[in-house]
Amino acid sequence: MYVTRDRALTAPADDSAAVLAELRDRTEIIDALYRFGLGQDLKDEELFASAFAADAELDFRPAAAKWGAEPPLMSGRGTIVTTILGMFAGRVDTTHQVTNPRITVDGDTARLTALVEAQHLLIADRARYALLKNPYDVDLVRDGDRWVVRRLVIDNTWFVGEPTAIFG
């Protein structure tokens, strides 16, 4: 599940063009995950949708299983955007912090693992919340000058609060 290479870059250090290209890819790859988090936090449908390929899959089942929930696998950018933003609209405020990104690039595909701390607070009752520390396993594809998520699997290492109040 995790990207565990012993270095960040694979381009030879003396090939500045290859290093620059790899750094650009890595920046765009992690930006896809930043768009995912910030799009939710701002409830910005366009920004959130920009993180995903048209045929993307989002699998929250491993995380939800930790507190006994059984959500469906979400398939397709439109379904993901409608489901996630619809679940939180007017009901939940979120913040997402992305750390420890590890990336491998293979041509026009890439893999990213990261830790995401996701805070969810009920708008009507701020005493009800869920704070989650989630490992993300992400497959991405090149989309012109940027990268987009093709598959995102979210697991959970720990949580505090009431995830069932937030996610059902």
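Please refer to the structure higher up on the page.
Residues numbered from 1 in each chain as written. Predicted model: local features only at pLDDT ≥ 70, side-chain atom pairs only at ≥ 80, totals over all residues. Heavy atoms only, no water.

Visitor: An account of the overall build of the protein chain is requested, with residue identities and associated values reported.
Guide: A count of helical and extended segments in the protein chain gives five helices and seven strands. When the helices and strands of the protein chain are placed in sequence order, the string is α-α-β-α-β-α-β-β-β-β-β-α. Against the compact-globule benchmark of 15 Å for 168 residues, the protein chain has a radius of gyration of 16 Å, which places it among compact chains. Here the C-alpha coordinates of the protein chain stretch approximately 55 × 30 × 25 Å along the principal axes. By the burial criterion, 43% of the 168 residues in the protein chain qualify as buried. (Helix = DSSP H or I, 4+ residues; strand = E, 2+ residues; numbered from the N terminus. Rg over C-alpha atoms; globule rule 2.2 N^0.38 Å. Buried < 20%, exposed > 50% of the residue type's maximum accessible area, 1.4 Å probe, protein only.)

Visitor: Could you give an account of helix H1 (residues 16–42), naming the residues involved and the relevant values?
Guide: Note on helix geometry: an α-helix contains 3.6 residues per turn, so any two residues three or four positions apart are oriented the same way. Along its 27 residues, H1 runs 37 Å from first to last C-alpha, staying within 8% of the 39 Å computed at 1.5 Å per residue. Of the residues one or two after H1, Lys 43 is the one with positive phi, at around 55 degrees. (Expected span 1.5 Å × (residues − 1).)

Visitor: Let's hear about the environment of Ala 56: which residues, and what values?
Guide: Tracing the backbone through its elements, the reader meets Ala 56 in strand S1 (residues 52–59). By relative accessible area, which is 0% here, Ala 56 ends up buried. Residues Ala 56 and Gly 78 lie 22 residues apart in sequence; the distance between their C-alpha atoms is 9.2 Å. Beyond its immediate chain neighbours, meaning those up to four positions away, Ala 56 contacts Met 74, Ser 75, Gly 76, Arg 77, Ile 80, Val 149 and Arg 150. (Contact = heavy atoms within 4.5 Å.)

Visitor: Give a description of a nonpolar patch on the surface that names residues and reports values.
Guide: Together, Tyr 129, Trp 158 and Val 160 make up an exposed nonpolar region whose accessible area comes to about 250 Å². According to the relative accessible area criterion, Tyr 129 is partly exposed, its value standing at 35%. (Patch = residues over 30% accessible without salt bridge, like charges linked within 9 Å, V, L, I, M, F, W, Y side chains within 5 Å. Areas by Shrake-Rupley, 256 points an atom, 1.4 Å probe, with all protein chains shown as cover. Salt bridge = Lys/Arg side-chain N within 4 Å of Asp/Glu carboxyl O.)

Visitor: Pulling in residues and values, what's your account of the nonpolar core?
Guide: One finds Phe 36, Phe 52, Leu 58 and Leu 140 to be the most contacted residues of the largest nonpolar core, which totals 41 residues. Other than its neighbours up to four places away in sequence, Leu 58 contacts Phe 36, Phe 52, Leu 73, Met 74, Ile 80, Leu 152 and Ile 154. (Core = buried A, V, L, I, M, F, W, Y, C linked by side-chain atoms within 4.5 Å.)

Visitor: Report on the packing of aromatic side chains, specifying residues and quantitative values.
Guide: If you walk through the whole model with that rule in mind, you get nine aromatic pairs. Plain terms: the ring middles of Phe 88 and Phe 167 are 6.0 Å apart, the flat faces sit at 65 degrees to each other, and that makes the pair edge-to-face. Placement of Phe 88 in helix H4 (residues 77–88) and of Phe 167 in helix H5 (residues 163–167) is noted, with a sequence separation of 79 residues between them. One aromatic cluster is present, formed by Phe 60, Trp 67, Phe 88, Phe 159 and Phe 167 through successive ring pairs. (Phe/Tyr/Trp six-rings, centres within 6.5 Å; stacked < 30°, edge-to-face > 60°.)

Visitor: Requested: an account of the pairing of strand S6 (residues 146–154), with residues and values cited.
Guide: Two elements, S1 and S6, share four bridges in a ladder whose sense is parallel. Considered in S6, the bridge of Phe 52 is made with Val 149. Pairing analysis gives eight bridges linking strand S5 (residues 129–143) to S6, with the strands arranged antiparallel. Bridging across to S6, Val 138 finds its partner in Leu 152. Between S5 and the antiparallel strand that follows it, S6, lie two residues; Gly 144 among them carries a positive phi value of about 70 degrees. (Pairing = 2+ DSSP bridges.)

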